[in-house]
Amino acid sequence: MRRQDRLNWQIRFAGAEMTRTQRTEFAGLFGDKASVRYGESAWREEWSERLDDVTLISDGFLPFRDNVDHAAEFGVGTIIEPGGSTRSDEVAAAAAEHGITLVTTGLRLFHH
């Protein structure tokens, strides 16, 4: 399995974000035990509550403050991003409100 495919499955698994079709594919790839574990929600809550001082890094700017609000819910203590969005002031204010260190690189590597 390619690294990006493995990462995508991990994200879907941790975030409980699989469609029915993906759940079927997941069970075929990883077995029934993993499929049953996916359906159990208690471990996700316990795991996410233990997250602390996580660093979020983006190669494209964060366009809205809700990105920061959501990150704060998952223990993010530092955000590194290019800056330069039209709402960068709102993003910076949200980071300050949550006590998150915001580092802007001025270098945007993400292109559409």
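The following refers to the structure shown. (Residues numbered from 1 in each chain as written. Predicted model: local features only at pLDDT ≥ 70, side-chain atom pairs only at ≥ 80, totals over all residues. Heavy atoms only, no water.)

Two quantities define a packed helix pair, namely the angle between the helix axes and the distance between the axes. As a packed pair, helix α2 (residues 20-30) and helix α3 (residues 32-39) sit with axes 7 Å apart at the nearest point and diverge in direction by 135°. It follows that α2 is oblique to α3 by the angle criterion. Of α3, the residues touching α2 (which contributes Arg23, Phe26, Ala27 and Phe30) are Asp32, Ala34, Ser35, Tyr38 and Gly39. Of the residues in the contact of α2 with α3, the class split is 5 nonpolar, 2 polar and 2 charged. (Axes fitted to C-alpha atoms, helices over the stretch in contact; angles between N-to-C directions. Helix = DSSP H or I, 4+ residues; strand = E, 2+ residues; numbered from the N terminus. Parallel < 35°, antiparallel > 145°, perpendicular 65-115°, else oblique. Contact = heavy atoms within 4.5 Å. Nonpolar A, V, L, I, M, F, W, Y, C, P; charged D, E, K, R; others polar.)

Nonpolar side chains collect at one region of the surface, where Met1, Leu29 and Phe30 lie side by side and expose about 300 Å² of accessible area between them. By secondary structure assignment, the location of Leu29 is in helix α2. Given the relative accessible area of 44%, Leu29 is considered partly exposed. (Patch = residues over 30% accessible without salt bridge, like charges linked within 9 Å, V, L, I, M, F, W, Y side chains within 5 Å. Areas by Shrake-Rupley, 256 points an atom, 1.4 Å probe, with all protein chains shown as cover. Salt bridge = Lys/Arg side-chain N within 4 Å of Asp/Glu carboxyl O. Buried < 20%, exposed > 50% of the residue type's maximum accessible area, 1.4 Å probe, protein only.)

The next subject is the layout of surface pockets. For the largest pocket, the calculated volume is near 630 Å³. If you go around the largest pocket, you meet 19 residues; those closest to its centre are Ile11, Leu56, His70, Ala71 and Phe74. If you list the elements that add at least two residues to the lining of the largest pocket, you get α1 (3-15), β1 (54-57) and α5 (65-73). Here the lining of the largest pocket gets 4 residues from one element, more than from any other, and that element is α1. Among the residues making up the lining of the largest pocket, the classes are represented as 12 nonpolar, 6 polar and 1 charged. (1 Å grid on protein atoms, 1.4 Å probe; cavity = no way out; pocket = protein on both sides within 12 Å on 5 of 7 lines; lining within 4 Å. Points joined across faces, edges and corners; volume = space filled by probe spheres on them.)

So, to be careful, I would describe these as geometric facts and stop short of saying anything about function.
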